[in-house]
Amino acid sequence: MFLDLGLVDKFHIYYEVLCRWLLSVKKNYRPVTYHNWRHAFCVTQTMYALLTTGKLRRLLSDMEVLSLIIGCLCHDLDHRGTNNQFQIKTMSPLAQLYSTSVMEHHHFDHCVMLLSTKGNDILSNVNQNDYQYLISLIEHTILSTDLALYFRFRGEVFDLINKGQTDWTDFEHRKKLQGIMMTACDVSAITKPWDIQKKVAELVASEFFEQGDLEKTELHIQPIDMMNREKKSELPKMQVGFIDGICLPVYEALAKVSPHATELLEGCKANRENWQSAYESRGLATQQKPMETKSEGKTEPMSGSKKNRLGKFGPSCTLN
């Protein structure tokens, strides 16, 4: 990706140093269930596709492109498998160090540490002014992955796009675009083919449930539904809500900026249909569950007529 985008030549990056830096970035991801190196690489690949196939590179400067690629690779460095709220609730050292966007600030500082390490300094041939500018761009890309900031600022950029008032020669407009591009790539598993999306959703849920377990055992609090293992059966419903509230709006906006980015929107819509079908099927299966009546401590099976309406194998045949 660095080579294909021309970043190695443009910024005079030593190939050996680039390889060492990439290996260092990979090594600094923890083996957590979801927010690991595989996630970072997938996010970066989606950004590469947006820039090339999606034709968004033409709107951005070379420095902005470089910052997006570096930001994607480093956006979850040293993730612990728990979110910002968990850091705050546990009063972790990170929460005491950063007042807002706790994990995102940590990811960024970790990124700068690696970029500053001798032998990993891929920006060593950039002059001081450009270096400082690049670091500020990278900070923006990584902090943009905090969904709290996405919700706070998305209305403004969506309005600009929907009203056709964007001016991509304006740095602030490009900065807003980079922010939603980071969000789009961070959640892009929702656009993948169904078999992949389903597996990834299960990984995300597993990591959330692990945090929920910690909240129960260490903090003695009831986790929210998405973190509650007891609510696992509601995953399809929660995925539909996630798509409607976060994913669809950002992909619709990007498709308006560049029609070449529509494929992400179509993938998201297809998976919404799949999750909606799974939710409805689960609801139907629940409704068709065999009814039991208790009499004097004994369980009586449902009548033969009800059983026939459910088919030969009963309600289990409605489940995949």
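In the block above lies the structure referred to throughout.
What you see as residue numbers is a count from 1 along each chain, following the sequence as written. The model is predicted, so local features are restricted to residues of pLDDT at least 70 and side-chain atom pairs to those at 80 or more, both for listing and for counting; the totals for chains, interfaces and linings are taken over all residues. The basis for every side-chain value is the complete set of non-hydrogen atoms in the structure, without hydrogens or water.

## Digging into the side chain of histidine 79
Residue position: histidine 79 is located in the loop between helix 4 (62-74) and helix 5 (84-89). Each residue gets one of three labels from its accessible area relative to the maximum for its type: buried under 20%, exposed over 50%, partly exposed in between, using a 1.4 Å probe on protein chains only. A residue is classified by how much of its surface remains accessible, and histidine 79, at 6% relative accessible area, is buried. In what follows, a contact means two residues having at least one pair of non-hydrogen atoms within 4.5 Å. For histidine 79, the contacting residues outside a window of four places in its chain are Arg30, Val32, His35, Met103, His107 and Glu207. Secondary structure elements are taken from DSSP: a helix is a run of H or I of four residues or more, a strand is a run of E of two residues or more, and numbering for both begins at the N terminus.

## Quick look at helix 9 (residues 147-162)
Helix span, expected: 1.5 Å multiplied by one less than the number of residues in the helix. In a regular helix each residue adds 1.5 Å, so 16 residues correspond to 22 Å; helix 9 covers 21 Å between its end C-alpha atoms and thus fits that length. Each residue is assigned a bend, namely the angle between axes fitted to the seven residues that terminate at it and the seven residues that start at it. Of all the bends in helix 9, the greatest measures close to 45 degrees and is centred on phenylalanine 153. Residues of helix 9 that are buried: Leu149, Tyr150, Val157, Phe158, Leu160 and Ile161. Where helix 9 is buried, its residues meet helix 8 (128-143), helix 10 (171-186) and helix 12 (235-257).

## Remarks on the packing of helix 10 against helix 12
In contact at an axis separation of 10 Å, helix 10 and helix 12 are set at 125 degrees when each is read in the N-to-C sense. Considered as vectors, helix 10 and helix 12 are oriented oblique to each other. The interaxial crossing formed by helix 10 with helix 12 has left-handed handedness. Residues Leu177, Ile180, Met181 and Ala184 of helix 10 lie in contact with helix 12, whose contacting residues are Val250, Tyr251, Ala253, Leu254 and Val257. Looking at the contact of helix 10 with helix 12, its residues break down into 9 nonpolar, no polar and no charged. The convention used is that axes are lines fitted to C-alpha atoms, helices contributing only their stretch in contact, and that angles between N-to-C directions extend from 0 to 180 degrees. Convention used here: angles under 35 degrees read as roughly parallel, angles over 145 as roughly antiparallel, angles from 65 to 115 as roughly perpendicular, and any remaining angle as oblique. If you view the pair so one helix is near and one far, a crossing is left-handed when the near helix is turned anticlockwise from the far one by less than a right angle, and right-handed when it is turned clockwise. Residues are sorted three ways: Asp, Glu, Lys and Arg are charged, Ala, Val, Leu, Ile, Met, Phe, Trp, Tyr, Cys and Pro are nonpolar, and all the rest, Gly among them, are polar.

## As for the packing of aromatic side chains
Two rings belonging to Phe, Tyr or Trp (six-membered ring only in the last case) form a pair when the distance between their centres is within 6.5 Å. Interplanar angles under 30 degrees mark stacking, angles over 60 mark edge-to-face geometry, and anything in between is tilted. Under the counting rule described, the total for this entry stands at 7 aromatic pairs. Between tyrosine 150 and phenylalanine 158, the ring centres sit 6.4 Å apart and the planes meet at 75 degrees, which makes this aromatic pair edge-to-face. In this structure tyrosine 150 comes out as buried when scored by relative accessible area, which is 4%. Put simply, the rings of Tyr29, Trp37 and Phe41 pair up and form one aromatic cluster.

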